[in-house]
Amino acid sequence: MIEIKDLHKSYKMGSNSLHVLKGINFSVEEGELVAIMGSSGSGKSTLLNILGMLDELDEGSYVLDGVPIKNLNETKAANYRNKFLGFVFQSFNLINYKSAMENVALPLYYQKVGRKERQEKALKYLEQVGLKEWATHLPNELSGGQKQRVAIARAMAAEPKVLLADEPTGALDSKTSYEVMDLIQKINDQGNTILIVTHEPDIADMCKRIVHLKDGVIIEDKKVEQVRAAQYV
Amino acid sequence: MKFLFDSNTWQEIFGSISKNKTRTIITVIGVLWGIFIYIALSGAAKGLDNGFDKAFKTVAMNSMFVWAQSTSMPNAGFKTGRPMQLKLGDVEVLENRIPEIQYIAPRITQGEFGSEPVYTVRGQKSGSYVLNGDFPIYTKISTKKIFDGGRFINQEDMDQARKVIVIGERVQQELFKKEEDPVGAYIRVGNVYFQVIGVHKLAEGVSFDSDSAMFIPFSTYRKLYNSGDNVGYLCIAAYDDADVVQVEKDIKAILKSTHRVNPKDERAFGSFNLGERFGEIMGFADGLTFMSLVVGIATILAGVIGIGNILLISVKERTKELGVRRALGATPSEVRNQIILESVFLTTIAGVIGIILGAGFLSLLNTFTEGGDFPYANPTVPIPYILGALAIMVILGTLIGLIPAQRAVSIRPIDALREE
Ligand SMILES: Nc1ncnc2c1ncn2[C@@H]1O[C@H](COP(=O)(O)OP(=O)(O)O)[C@@H](O)[C@H]1O
Ligand SMILES: [Mg+2]
């Protein structure tokens, strides 16, 4: 599903350049649930942003579902994001003047799905995350965990090939975090490919594979026995 | 352009506009105010314009009066202070020598300018009124509205020096009973009986004659008063395209030369140039129209720029939202179109409301000024002006929307998402 070879990324800041990713080799199969771990500033978000086509790599190659990702203009990147990828952010990033359902329906709007079908699908995914009865509520009427579940529903509504989550539990207490992880595990159980950036070991242990970043390289990449989150909720 | 007809686009725009109410209201008010000012001002100016037009409808606009006074300089052997007298011969000379003159109506009058009004009797009733000896052509310069059944003096009256008379509305009221028909009746003017042939109604707006004036054929007048070729004053109308000030100068120059007056003598002949005064008033109205146009357009511009500003601020506020939209798959052109359409939509809505309010204001103004003395009529703005204003607003709305739209897509989605 994802294949990365010898990926390099530097940030230029004036005359200085900060070499963040220094040759990453990494591939992900369909249906995997991968945790990307590492200390703060180790380049986890940078890697995820490149995978999400929000940022560009300097060197190396990236192939997503057989499609080489390079030299994309903004329009093309937007179309690929829309078709291939779902995003979940630490700060939820819901649009505050849209109801839960409208938020979930938004990626479908950019897929040119008609209004009725958008609403049906949005409701279906809200039901999956257990928030159907909150469909008409605005984000500020929801708790943090509910917001993140709406965000996950929104990411899933477009039926992406890969779900990318940057510290999805970073802003949540541990009980709520496990609820969100339970949801992510269930989505993964349905065969969806998911990458999660986290620096919390207990969250990482709920994935099936842990990739450890340090100083811009992968220092460890191991399969783990998945801890089910359901037992904690 | 396909996105324009996509109901999804409009739902998204409408959602964004209706959910950001404060922003929407502030922007709408800016443009609304602009177009309202534009409509109200130019409509009001047009009303004034119409009002003046209506007030002057009954008189030839390019008209003037010329009368004789006395010399202020010695000339050709004559002493200063020689009294002047206009003659019928002058009329012919002026008509022949000044092609710009359309009509010239000599008039001789009793009861005006210090002379005694004429004692008039009908049965037991009597009164004193101004008496004019007129040519039929006089009605070409000052329209006379004659009540049903009557008429003004005609050429036959002139040729036969008939003893016929047109009386004013007030004369009728003072000499006749309400139910009496004055036409055909006889009244005694001085010592002579005249048959009434018409009653003239006082004109709305400007009129040269009061409602107590009476008119008889010039030829009858000269016989009655033995006034020979004497003329009291001349009523002159120039062609519409003539320069009235120049015509006035030419007339006086010719009169001075035929009457052997020093060309520099300013007192020998007096005149009142209605055309010139009228031009000033119309110029004032035109100036007002122009000014209201300038003020209106400036206000609209200010409103549209205000929209641009608020959209720019709102794009800044919405940086993160737009970043999220792009992460979810919005292309730069979709984001740009959305912001431009928001701008155009807001401008148009505001414009339409402004036009409606402006029209309402004008119709209110119309009700309040109707029937008053103030020269004001039918304040309207021509439809093409309104459509033009609307078109300008849509264009400006697009142009002004381009700035925030460009700003919105110039930020990379990743930077937009990082924004707090
Ligand atoms: N846009 C940027 N410009 C400059 N430096 C950046 C930028 N984004 C990230 N960095 C730097 O790159 C390093 C890696 O950042 P990041 O990938 O966000 O780390 P992590 O998510 O692992 O905490 C950090 O030192 C950070 O300061
Ligand atoms: Mg990070």
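Up top is the structure.
Residues numbered from 1 in each chain as written. Chains lettered and ligands numbered in written order. Predicted model: local features only at pLDDT ≥ 70, side-chain atom pairs only at ≥ 80, totals over all residues. Heavy atoms only, no water.

Caption draft 1: Spotlight on the overall build of chain B. Scanning chain B from N- to C-terminus turns up 13 helices and 13 strands. Intrachain contacts of chain B at a sequence separation of at least 6 include 78% that bridge at least 24 residues. Accessible surface, chain B: about 20200 Å² in total, of which carbon and sulfur atoms supply 59%. (Helix = DSSP H or I, 4+ residues; strand = E, 2+ residues; numbered from the N terminus. Contact = heavy atoms within 4.5 Å. Areas by Shrake-Rupley, 256 points an atom, 1.4 Å probe, with all protein chains shown as cover.)

Caption draft 2: Seen up close, the interface of chain B and chain A. Residue-level contacts link 26 residues of chain B with 27 residues of chain A. When the two sides are added together, the surface that chain B and chain A hide from each other amounts to roughly 2400 Å², 54% of it contributed by carbon and sulfur. At the junction of chain B with chain A, the criterion picks out 3 salt bridges. Among the ionic pairs, Asp55(A) bridges to Arg412(B), the shortest N-O distance being 3.4 Å. At the surface where chain B touches chain A, the tally comes to 9 residue pairs in polar contact (both at pLDDT 80 or more). (Buried area = accessible area lost by both parts, 1.4 Å probe. Salt bridge = Lys/Arg side-chain N within 4 Å of Asp/Glu carboxyl O. Polar contact = N/O pair within 3.5 Å; in protein donor to acceptor, adjacent residues only side chain to side chain.)

Caption draft 3: Summary view of the site of ligand 1. Near ligand 1 you find 13 residues, and of these Gly41(A), Gly43(A), Lys44(A), Ser45(A) and Thr46(A) are the closest. Ligand 1 sits at the junction of chains A and B, each of which supplies nearby residues. The side chain of Thr46(A) places a nitrogen or oxygen atom 2.5 Å from an oxygen atom of ligand 1. Between a nitrogen atom of ligand 1 and a side-chain N or O atom of Arg418(B), the distance comes to 3.3 Å. Bound to the protein, ligand 1 loses 68% of the 560 Å² it would expose on its own. Listed by contribution, the elements that provide at least two residues to the shell around ligand 1 are strand E1 (2-13), strand E2 (16-28) and helix H1 (44-51) of chain A. The element contributing the most residues to the shell around ligand 1 is H1(A), with 3 residues. (Near = heavy atom within 4 Å.)

Caption draft 4: Structural detail: the packing of aromatic side chains. Inspection of the entire model under this criterion finds 10 aromatic pairs over all chains. Consider the rings of Tyr80(A) and Phe84(A), whose centres lie 5.5 Å apart with planes at 45 degrees: the pair is tilted. Here Phe84(A) and Tyr80(A) lie together in helix H2 (residues 74-84), a separation of 4 residues that amounts to about one turn. By the burial criterion, Tyr80(A) is buried, and Phe84(A) matches it. Note on Tyr109(A) and Tyr110(A): the rings are 4.8 Å apart at their centroids and 65 degrees apart in plane angle, and the pair reads as edge-to-face. With a relative accessible area of 6%, Tyr110(A) lands in the buried category. The structure contains a cluster of three or more aromatic residues connected by ring pairs, namely Trp33(B), Phe36(B) and Phe361(B). In this structure, Arg107(B) packs its charged tip against the face of Tyr138(B), placed 4.2 Å from the ring centre. (Phe/Tyr/Trp six-rings, centres within 6.5 Å; stacked < 30°, edge-to-face > 60°. Buried < 20%, exposed > 50% of the residue type's maximum accessible area, 1.4 Å probe, protein only. Lys NZ or Arg CZ within 6 Å of the ring centre and 35° of its normal.)

Caption draft 5: Representation of the nonpolar core in the model. Counting 59 residues, the largest nonpolar core has Leu94(B), Ile165(B), Ile167(B), Ile187(B), Met214(B), Leu234(B) and Ile251(B) as its most contacted members. If one sorts the elements of this core by residue count, strand E12 (residues 233-238) of chain B sits on top with 6 residues. Leave out the neighbours within four places in its chain, and Ile167(B) touches Gln172(B), Phe176(B), Pro182(B), Ile187(B), Val196(B), Gly198(B), Val199(B), His200(B), Ala213(B) and Met214(B). Counting residues in hydrophobic clusters, the runner-up holds 53 residues, among them Ile4(A), Leu213(A), Ile339(B) and Ile340(B). (Core = buried A, V, L, I, M, F, W, Y, C linked by side-chain atoms within 4.5 Å.)

Caption draft 6: Representation of the packing of helix H9 (residues 274-317) of chain B against helix H11 (residues 332-369) of chain B in the model. Residues and elements named next belong to chain B. Interhelical geometry of H9 versus H11 gives an angle of 140 degrees and a closest axis separation of 11 Å. In the packing of H9 onto H11, the handedness of the crossing is right-handed. On H11, the residues that touch Val304, Ile307, Leu311 and Val315 of H9 are Ile339, Glu342, Ser343, Leu346 and Thr347. Looking at the contact of H9 with H11, its residues break down into 6 nonpolar, 2 polar and 1 charged. (Axes fitted to C-alpha atoms, helices over the stretch in contact; angles between N-to-C directions. Left-handed = near helix turned anticlockwise from the far one by under 90°. Nonpolar A, V, L, I, M, F, W, Y, C, P; charged D, E, K, R; others polar.)

Caption draft 7: Here's a closer look at H1(A). All names here are of chain A. With 7 of 8 residues buried, H1 lies mostly within the body of the structure. Three or more residues of H1 are buried, namely Lys44, Thr46, Leu47, Leu48, Asn49, Ile50 and Leu51. Count one or two residues on from H1 and you reach Met53, which has phi positive near 60 degrees.

Caption draft 8: Representation of the sheet that holds strand E4 (residues 59-64) of chain A in the model. All names here are of chain A. What the 4 strands build is an open sheet, ordered E2-E1-E4-E5; its pairing is antiparallel. Two strands in the sheet have a free side with no partner beyond their single neighbour: E2 and strand E5 (67-68). Sheet analysis places E1 next to E2, joined by 10 bridges and oriented antiparallel. Along E2, the bridge assignment pairs Lys12 with Ser17. (Pairing = 2+ DSSP bridges.)

Caption draft 9: Focus on the sheet that holds strand E3 (residues 33-37) of chain A. Residue and element names in this part refer to chain A. Taking strand neighbours across the sheet as the criterion, the 6 strands line up as E6-E7-E8-E3-E9-E10 in an open arrangement whose pairing is mixed. Unpaired on one side and paired on the other, strand E6 (85-88) and strand E10 (217-223) mark the two borders of the sheet. Direction aside, neighbouring strands of the sheet carry axes that sit 15 degrees apart on average. Examined bridge by bridge, E3 and strand E9 (residues 209-214) share 4 bridges and lie parallel to one another.

Caption draft 10: View of the side chain of Asn93(A). One can find Asn93(A) in the loop between E6 and helix H3 (100-110). With relative accessibility at 7%, the residue Asn93(A) sits in the buried group. Leaving out residues up to four positions away in the same chain, Asn93(A) has contacts with Arg154(A), Lys320(B), Val324(B) and Leu417(B).

Caption draft 11: The pairing of E12(B), seen in detail. Residue and element names in this part refer to chain B. The buried fraction of E12 is high, at 6 of 6 residues. Every second residue of E12 is oriented toward a common face, with Tyr233, Cys235 and Ala237 on one face and Leu234, Ile236 and Ala238 on the other, all of them buried. Relative to E12, strand E1 (residues 63-68) runs antiparallel, the two being bridged by 5 bridges. Within E12, the residue paired with Trp67 across the bridge is Tyr233. Direction of pairing for strand E3 (residues 101-110) relative to E12: antiparallel, over a ladder of 6 bridges. Paired with Ile101 across the two strands is Ala238, which belongs to E12.

Caption draft 12: Spotlight on the pattern of salt bridges. Summed over all chains, the structure comprises 31 salt bridges over all chains. The closest approach of N and O atoms between Asp58(A) and Lys9(A), which form a salt bridge, is 4.0 Å. Residue Asp58(A) is located in the loop between H1 and E4, and its partner Lys9(A) is located in strand E1; the two are separated by 49 residues in the primary sequence. By relative accessible area, which is 7% here, Lys9(A) ends up buried. A salt bridge links Arg170(B) to Asp211(B), with the nearest nitrogen and oxygen atoms 3.9 Å apart.

Purely spatial values, then, with no claim about function.
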